[in-house]
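Observations on the model geometry
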Amino acid sequence: MEEQNRVELTGTLTAIDAVRYTPAGIPIIEFKLAHESSQIEARRSRQVSIEVMAMAAGEAAGKLAKSPLGARVRLTGFLAHRGKSRVQLVLHINDFEFI
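Description of the structure in this document. (Residues numbered from 1 in each chain as written. Predicted model: local features only at pLDDT ≥ 70, side-chain atom pairs only at ≥ 80, totals over all residues. Heavy atoms only, no water.)

**Notes on the overall build of the protein chain**
Across its full length, the protein chain carries 1 helix and 6 strands. Listed N to C, the secondary structure of the protein chain is β-β-β-β-α-β-β in terms of helices and strands. Here the C-alpha coordinates of the protein chain stretch approximately 50 × 35 × 25 Å along the principal axes. Taken as a whole, the protein chain presents about 6900 Å² of accessible surface, with 51% of it coming from carbon and sulfur. Of the charged side chains in the protein chain, 13 are positive and 11 negative, and the gap between their average positions amounts to 4 Å. (Helix = DSSP H or I, 4+ residues; strand = E, 2+ residues; numbered from the N terminus. Areas by Shrake-Rupley, 256 points an atom, 1.4 Å probe, with all protein chains shown as cover. Lys, Arg positive; Asp, Glu negative; His and termini not counted. Charge placed at Lys NZ, Arg CZ, Asp CG, Glu CD.)

**Quick word on the pattern of salt bridges**
A complete count under the given rule lists 7 salt bridges for this structure. We note a salt bridge from Arg-74 to Glu-8, for which the minimum N-O separation is 3.6 Å. Here Arg-74, found in strand β5 (residues 72-81), pairs with Glu-8, found in strand β1 (residues 7-16); they are 66 residues apart in sequence, far enough to count as distant. Under the relative-accessibility criterion, Arg-74 is labelled partly exposed at 29%. The class of Glu-8 is partly exposed, set by a relative accessible area of 47%. (Salt bridge = Lys/Arg side-chain N within 4 Å of Asp/Glu carboxyl O. Buried < 20%, exposed > 50% of the residue type's maximum accessible area, 1.4 Å probe, protein only.)

**Some thoughts on the nonpolar core**
Judged by nonpolar contacts, the single largest core of 17 residues is most densely connected at Phe-31, Leu-75 and Ile-93. Of all the elements in the fold, those that place two or more residues in this core are β1, β3 (27-41), β4 (44-57), α1 (59-65), β5 and β6 (89-98). Once residues lying within four places of it in the same chain are set aside, the contact partners of Leu-75 are Val-7, Glu-8, Leu-9, Phe-31, Leu-33, Leu-91, Ile-93, Asp-95 and Phe-96. (Core = buried A, V, L, I, M, F, W, Y, C linked by side-chain atoms within 4.5 Å. Contact = heavy atoms within 4.5 Å.)

**Looking at the packing of aromatic side chains**
Two measures describe an aromatic ring pair: the distance that separates the ring centres and the angle between the ring planes. Tallied over the entire structure, the rule returns 1 aromatic pair. Both rings, one in Phe-96 and one in Phe-98, keep their centres 5.4 Å apart while their planes meet at 80°; by these two values the pair is edge-to-face. Look at Phe-96 and you get buried, because its relative accessible area is 12%. Looking at Phe-98, the relative accessible area reads 46%, which means it is partly exposed. (Phe/Tyr/Trp six-rings, centres within 6.5 Å; stacked < 30°, edge-to-face > 60°.)

Here you go:
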């Protein structure tokens, strides 16, 4: 059985770092996404407000670098640890669209 690690999240871009490049020349960008929604937990409504660290590589990095702060987006990707610290999770973007 294949393990699943897929995330779909909508929200607002609140911070976008400058594009940097890997040693292989692949563009990378890190950004923050704010999300607010109402979710059901234990059959009760719960307000959720989070800010997520995310990153994109390749073509998506170039498109996100040109995005204005406050833009609404729908992201799909996967969660992975940030660097060697193995503590903080980062959402790695496979695809996104403006909404």
